[in-house]
Amino acid sequence: MDINILREYIPLYKEALLLTMKIGWQGILMSLIIGLMGSAILHFKVPVLKTIIGIYIEIFRNTPLLVQLFFIYFALPKVGIRITAETCGVLGLGLLGGAYMIETFRSGLEAIPVIQTESALSLGMNEYQTLWHVIMPQAISISVPGLLANVIFLLKETSVFSTISLMDLMFTAKDLIGMYAKTIECLFLLVVFYLIMLLPVSIIGAIVERRLRYGQFGD
């Protein structure tokens, strides 16, 4: 392994890391918003909308992100909808993640005893207040392990962004290998920078999960 090559390529990987994290976290934020809204719709069994959400979940959980990106980036322009590659990445990741986040939040909501809702309503709260001030905080706490797993999953899924010509980590590695054939160095840096992106999330997630568990059970 050539140390000089590593030093030369590190700035390129840094730029790719920043782009990957930017798109990844924007997509994750979008997925969290979709997850909260979708889980509330399913929880209250809103007519029509619950059917739409159910179809959305099945479509996006049962098709690969690569196919979804291709559809958004290459098929939508055929009907006059043109978006940038970066926006496509955020949208694709957000829609995929939203389907998983809905199910994660929904499982948290269903874990809350019905008596919690009944007690809040009997105290004069309406359904909206009950959901956002009583039920949802507890549901989010319960859902934390699943949410963290989804976040890590979505960050790893950013590796397919190279297929729509985004200069992410994977694209940078493949491009450098193709031009200079420095396979070992390029793949080594790829692994290192993915670890830089993912390990802090994993460590922070473990700490948060442990503290939440201690808060609930005292051990």
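Description of the structure in this document. Remember, it's a predicted structure, so these values are computed and weren't measured experimentally. (Residues numbered from 1 in each chain as written. Predicted model: local features only at pLDDT ≥ 70, side-chain atom pairs only at ≥ 80, totals over all residues. Heavy atoms only, no water.)

Overview of the overall build of the protein
Link 1 in the chain: Helix and strand counts for the protein stand at eight helices and zero strands.
Link 2 in the chain: Projected onto its principal axes, the C-alpha positions of the protein cover 70 × 50 × 20 Å.
Link 3 in the chain: A total of 219 residues make up the protein; the buried ones form 39% of that total.
Link 4 in the chain: Pairs at least 24 apart in sequence give 78% of the contacts found in the protein among residues at least 6 apart.
Link 5 in the chain: Here the protein displays about 12200 Å² of accessible surface, and carbon together with sulfur accounts for 68% of that area.
Link 6 in the chain: Distance between charge centres in the protein, computed from 15 positive and 15 negative side chains, equals 1 Å. (Helix = DSSP H or I, 4+ residues; strand = E, 2+ residues; numbered from the N terminus. Buried < 20%, exposed > 50% of the residue type's maximum accessible area, 1.4 Å probe, protein only. Contact = heavy atoms within 4.5 Å. Areas by Shrake-Rupley, 256 points an atom, 1.4 Å probe, with all protein chains shown as cover. Lys, Arg positive; Asp, Glu negative; His and termini not counted. Charge placed at Lys NZ, Arg CZ, Asp CG, Glu CD.)

Some remarks on unusual backbone geometry
Link 1 in the chain: In this model, Val48 sits at a positive phi of 70°, which is unusual for a non-glycine residue.
Link 2 in the chain: Among the residues examined, Val48 registers a relative accessible area of 60% and is labelled exposed.

Focus on the packing of helix α5 (residues 114-122) against helix α6 (residues 127-157)
Link 1 in the chain: Interhelical geometry of α5 versus α6 gives an angle of 140° and a closest axis separation of 10 Å. Here α5 lies oblique to α6, going by the angle between them. Here α5 runs over α6; the crossing is right-handed. Contact with α5, carried on its side by Gln116, Thr117, Ala120 and Leu121, involves Glu127, Thr130, Val134, Ile135 and Gln138 of α6 and no other residues of that element.
Link 2 in the chain: Tallied by class, the residues present in the contact of α5 with α6 amount to four nonpolar, four polar and one charged. (Axes fitted to C-alpha atoms, helices over the stretch in contact; angles between N-to-C directions. Parallel < 35°, antiparallel > 145°, perpendicular 65-115°, else oblique. Left-handed = near helix turned anticlockwise from the far one by under 90°. Nonpolar A, V, L, I, M, F, W, Y, C, P; charged D, E, K, R; others polar.)

Digging into the packing of aromatic side chains
Two numbers describe a pair of aromatic rings. These are the distance of the centres and the angle of the planes.
Link 1 in the chain: Taken as a whole and assessed by the stated rule, the structure comprises six aromatic pairs.
Link 2 in the chain: Relative to Phe60, the ring of Tyr56 lies with its centre 4.9 Å away and its plane at 50°, an arrangement referred to as tilted. Taken together, the residues Tyr56 and Phe60, both in helix α2 (residues 49-61) and four residues apart, mark about one turn of the helix. One exposure class covers both Tyr56 and Phe60, and it is buried.
Link 3 in the chain: When the ring of Tyr73 is compared with that of Phe74, the centres are 5.0 Å apart and the planes differ by 80°; the resulting orientation is edge-to-face.
Link 4 in the chain: By relative accessible area, which is 25% here, Tyr73 ends up partly exposed.
Link 5 in the chain: Put simply, the rings of Phe70, Tyr73 and Phe74 pair up and form one aromatic cluster. (Phe/Tyr/Trp six-rings, centres within 6.5 Å; stacked < 30°, edge-to-face > 60°.)

Here's the deal with the nonpolar core
Link 1 in the chain: One finds Tyr9, Tyr13, Leu65, Leu69, Leu155, Phe161 and Leu169 to be the most contacted residues of the largest nonpolar core, which totals 39 residues.
Link 2 in the chain: Looking at this core, the elements that each hand over two or more residues are α1 (3-43), α3 (65-75), α4 (85-110), α6, α7 (169-180) and α8 (183-217).
Link 3 in the chain: Counting residues per element, this core draws most heavily on α1, which supplies nine residues.
Link 4 in the chain: In this view, Leu169 contacts Tyr13, Ala16, Leu17, Thr20, Leu190, Phe193 and Tyr194; residues no more than four positions away in its chain are not counted. (Core = buried A, V, L, I, M, F, W, Y, C linked by side-chain atoms within 4.5 Å.)

Observations concerning a nonpolar patch on the surface
Link 1 in the chain: On the surface, a nonpolar cluster with roughly 430 Å² of combined accessible area is contributed by Val191, Leu195, Leu199, Ile203 and Ile207.
Link 2 in the chain: Mapped onto the secondary structure, Ile207 falls in helix α8.
Link 3 in the chain: Classification of Ile207 by relative accessible area gives partly exposed; the value is 35%. (Patch = residues over 30% accessible without salt bridge, like charges linked within 9 Å, V, L, I, M, F, W, Y side chains within 5 Å. Salt bridge = Lys/Arg side-chain N within 4 Å of Asp/Glu carboxyl O.)

What to know about the pattern of salt bridges
Link 1 in the chain: Within the structure shown, the criterion is met by four salt bridges.
Link 2 in the chain: The salt bridge partner of Arg61 is Glu103, with a shortest N-O separation of 3.6 Å. Taken as a pair, Arg61 in helix α2 and Glu103 in helix α4 lie far apart in primary sequence, 42 residues in all.
Link 3 in the chain: Two residues, Arg106 and Glu103, come together in a salt bridge whose shortest N-O distance is 2.8 Å. Placement of the pair is Arg106 and Glu103 together in helix α4, with a separation of three residues, close to one helical turn.
Link 4 in the chain: Overall, Arg106 belongs to the partly exposed group, its relative accessible area being 25%.

As for the packing of α1 against α7
Packed helices, taken two at a time, are described by the angle their axes make and the gap between the axes.
Link 1 in the chain: Contact pair α1 / α7: the axes reach a minimum separation of 8 Å and the direction vectors enclose 150°. Between α1 and α7, the angle is such that the two are roughly antiparallel. Contacts from Tyr9, Leu12, Tyr13, Ala16, Leu17 and Thr20 of α1 reach α7 at Leu169, Thr172, Ala173, Leu176 and Tyr180.
Link 2 in the chain: Residue classes in the contact of α1 with α7 are distributed as nine nonpolar, two polar and no charged.

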